[in-house]
Amino acid sequence: MELPNKETCYRALESRDHRFDGLIYVGIKSTGIYCRPVCPARTAKYENCTFYGSAAAAQEAGYRPCLRCRPETAPEFASWRGTSNTVSRALSLIAEGSLDGDGKSVDALAERLGIGERQLRRLFLQHLGASPIAVAQTRRVLFAKHLIHETQMPMTEVALASGFGSLRRFNEVFQDLFHRPPRELRRKSAAGRQNTDAGIVLQVRYRPPYDWESMLGFLETRAIPGVEIVEKGCYRRTVEIDGTTGSIAVKHQPQQQNLCVTIHFADVQSLPAIINRVRRMFDTGADIETIDEHLSNDPRLAPWIALRPGLRAPGGWDGFELAVRAVLGQQISVTAARRLAGQLVALHGKRLPEKSANYPGLTHTFPTAKRIASAKSIGLGMPVSRLNTLKALAQAAADDPNLFRPFGTIEETTARLRSIPGIGEWTAQYIALRAMREMDAFPASDIGLLRGAAKVDGAPATPASLLRRADSWKPWRAYAAQHLWAADTTPLTTKRGKYA
């Protein structure tokens, strides 16, 4: 595993350098605790410090999380995992609970990724310094600690939400790790400030800069009526997981470098999946300074990157929902696709209960693949070929629940999607980018990208020439695409501030 040398890491610790927060952790031999580099505690002696590239590696080495700097609140990063897309895909699946509960194994996880178990373990040790099981265990502990500190959820619900099989096991792990029961950690926290009727409120950290205005503007333009609302600097949407419905609200807290997420959802076991979807949708795991620095090596793209420091690549809340939106958007405008999506929701979406606590205007959840696949008629006014594509897409998603989850390489991913009748290269690349979070996906034939590239380069572009042009942007072509889309809609000198 490649870390900066110990002297560099120690200087970052001494200066409490925020640039290293989430990238390195320090184990203190004299206390048995591991900390973030921004920990306010007195800096330990050089000889007592051991540095790790992940919380899991520090915890597997025998250190316990610091109660002051709270490693569970550190921003998560994808780019620090090295060049292994396989590790990034595996971490996403682990965050969704792929190693939680009975019947879940590293063998099954490796099979879903298209590699052997031994190779997966080797990649985890190389890029994270810990095994997949250790990463999953650390995730459970840190998420539970996050809930204990920031909510008033009963301990039984905290255990369930964090992926522990039983309250007994939950108590045993915390007793072994912290030498005290979980409830004593809550006594030391500021919990108690939340009104349970107001939902569960959690903070999701990111590494600045973060262009919240562009993120919210992108989502607002594509917000599906009845399902999503963007107003007053807040993103709201309905949620349906395994038949249970609810809603979330996401606000920006720039001073704290947080996204504040308010969750109304009855099934606490879905909380990790909801938070993981928020992270993916709002791209909080990007090491954006590294990405922007790389893309700025292109002299023509550099001024546009300087205009929008911290521009993220928005994800999709749900793979099937995003894929449907992509099909609806084939050869029509974003506004027209949004209108069709609203009609689809009104016809086939699940209406929320009348007495629900959801925000006014949030009326339906997006229809599931099974609902669309079983419908006698979709009922939208659009070409028969695209209606047939929607049906084929819904049937494929209903038959394979993992259709929109990471699998193999990006080439294998897009090939699987293109095997669905009516799904071409543009649609497959767009779905891979936003639903599967393939950060090197690049829909080169997109008309918005071609117009943006023409504006950036001052000359017309073709899909073939743009694809060649994008070669130097690897492995982050998705972020370059976001800058091209932004360039298409605004001039270089535009001053913004709507959602600041």
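1. Examining the confidence of the model for the chain
Confidence along the chain averages 89 in pLDDT terms, with 93% of residues attaining 70 or more. The low-confidence segment residues 79-83 (pLDDT under 50) makes 15 contacts with residues lying over four places distant or belonging to another chain.

2. Here's the deal with the sheet that holds strand E8 (residues 244-253)
An order of E5-E9-E8-E7-E6 is seen for the five strands of this open sheet, with the pairing classed as antiparallel. Looking at strand neighbours, the two that pair on one side only are strand E5 (200-205) and strand E6 (228-231), the edges of this open sheet. When strand polarity is set aside, the average angle formed by the axes of neighbouring strands in this sheet is 20°. Pairing of E5 with strand E9 (residues 258-265), which is carried by six bridges, proceeds in the antiparallel orientation.

3. What about empty space enclosed by the protein?
Taken as a whole and judged by the stated rule, the model has one cavity of 30 Å³ or more. By volume, the largest cavity amounts to about 150 Å³. Along its surface, the largest cavity is lined by 17 residues, and Glu 228, Glu 321, Leu 322, Arg 325 and Arg 434 are the ones closest to its centre. Elements supplying a minimum of two residues to the lining of the largest cavity: helix H10 (212-221), strand E7 (234-241) and helix H14 (319-328). Sorting elements by how many residues they give to the lining of the largest cavity places H14 first, with three residues. Considering only residue class, the lining of the largest cavity consists of eight nonpolar, two polar and seven charged.

4. Observations regarding the nonpolar core
Within the largest apolar cluster, 113 residues are counted, with the highest numbers of intra-cluster contacts made by Phe 282, Phe 320 and Phe 404. With residues up to four places along the chain from it excluded, the contact list for Phe 282 reads Tyr 210, Trp 212, Met 215, Leu 219, Tyr 235, Val 250, Leu 259 and Arg 312.

5. Some details on the sheet that holds strand E2 (residues 33-35)
Spatially, E3-E1-E2-E4 is the arrangement adopted by the four strands of the open sheet, whose pairing is mixed. The open sheet has two edge strands, strand E3 (49-52) and strand E4 (64-65), and neither has a second partner. Across three bridges, strand E1 (residues 25-28) lies against E2 in antiparallel orientation. Within the sheet, the bridge partner assigned to Ile 28 lies in E2 and is Ile 33. Contacts from helix H1 (residues 6-14) reach E1 and E3 within the one sheet, and its direction differs from that of E3 by about 100°.

6. Overview of the pairing of E9
For E9, a buried count of seven out of eight residues is recorded, marking the element as mostly surrounded by other parts of the structure. Inspection of the sheet shows E8 paired to E9 by eight bridges, in the antiparallel sense. When the sheet's bridge partners are listed, Ser 247 is paired in E9 with His 264. Counted along the chain from E8 to the antiparallel partner E9, the turn is four residues long, and its residue Gln 257 has a positive phi close to 55°.

7. Description of unusual backbone geometry
Here the bond from Pro 208 into Pro 209 is cis, since omega is 5°, no more than 30 degrees from zero. Topologically, Pro 209 is positioned in the loop between E5 and H10. A positive phi is found at Arg 70, a non-glycine position, where the angle reads about 50°. By the secondary structure assignment, Arg 70 is in the loop between E4 and helix H3 (85-95). When its relative accessible area of 16% is taken as the criterion, Arg 70 is described as buried. Within the chain, Lys 232 stands out as a residue other than glycine whose phi angle is a positive 50°.

8. Looking at the pattern of salt bridges
Evaluated as defined, the whole model comprises 25 salt bridges. Ionic pairing is found between Asp 21 and Arg 36, a salt bridge with its closest N-O pair at 2.6 Å. Of this pair, Asp 21 sits in the loop between H1 and E1 while Arg 36 is found in the loop between E2 and E3, placing the two residues 15 residues apart along the sequence. In terms of burial, Asp 21 and Arg 36 fall into one category: buried. Members of the salt-bridge network, linked through shared partners, are Arg 70, Glu 72, Lys 145 and Glu 150.

Cut-offs applied
Residues numbered from 1 in each chain as written. Predicted model: local features only at pLDDT ≥ 70, side-chain atom pairs only at ≥ 80, totals over all residues. Heavy atoms only, no water. pLDDT = per-residue confidence, 0-100. Contact = heavy atoms within 4.5 Å. Pairing = 2+ DSSP bridges. Helix = DSSP H or I, 4+ residues; strand = E, 2+ residues; numbered from the N terminus. Axes fitted to C-alpha atoms, helices over the stretch in contact; angles between N-to-C directions. 1 Å grid on protein atoms, 1.4 Å probe; cavity = no way out; pocket = protein on both sides within 12 Å on 5 of 7 lines; lining within 4 Å. Points joined across faces, edges and corners; volume = space filled by probe spheres on them. Nonpolar A, V, L, I, M, F, W, Y, C, P; charged D, E, K, R; others polar. Core = buried A, V, L, I, M, F, W, Y, C linked by side-chain atoms within 4.5 Å. Buried < 20%, exposed > 50% of the residue type's maximum accessible area, 1.4 Å probe, protein only. Salt bridge = Lys/Arg side-chain N within 4 Å of Asp/Glu carboxyl O.

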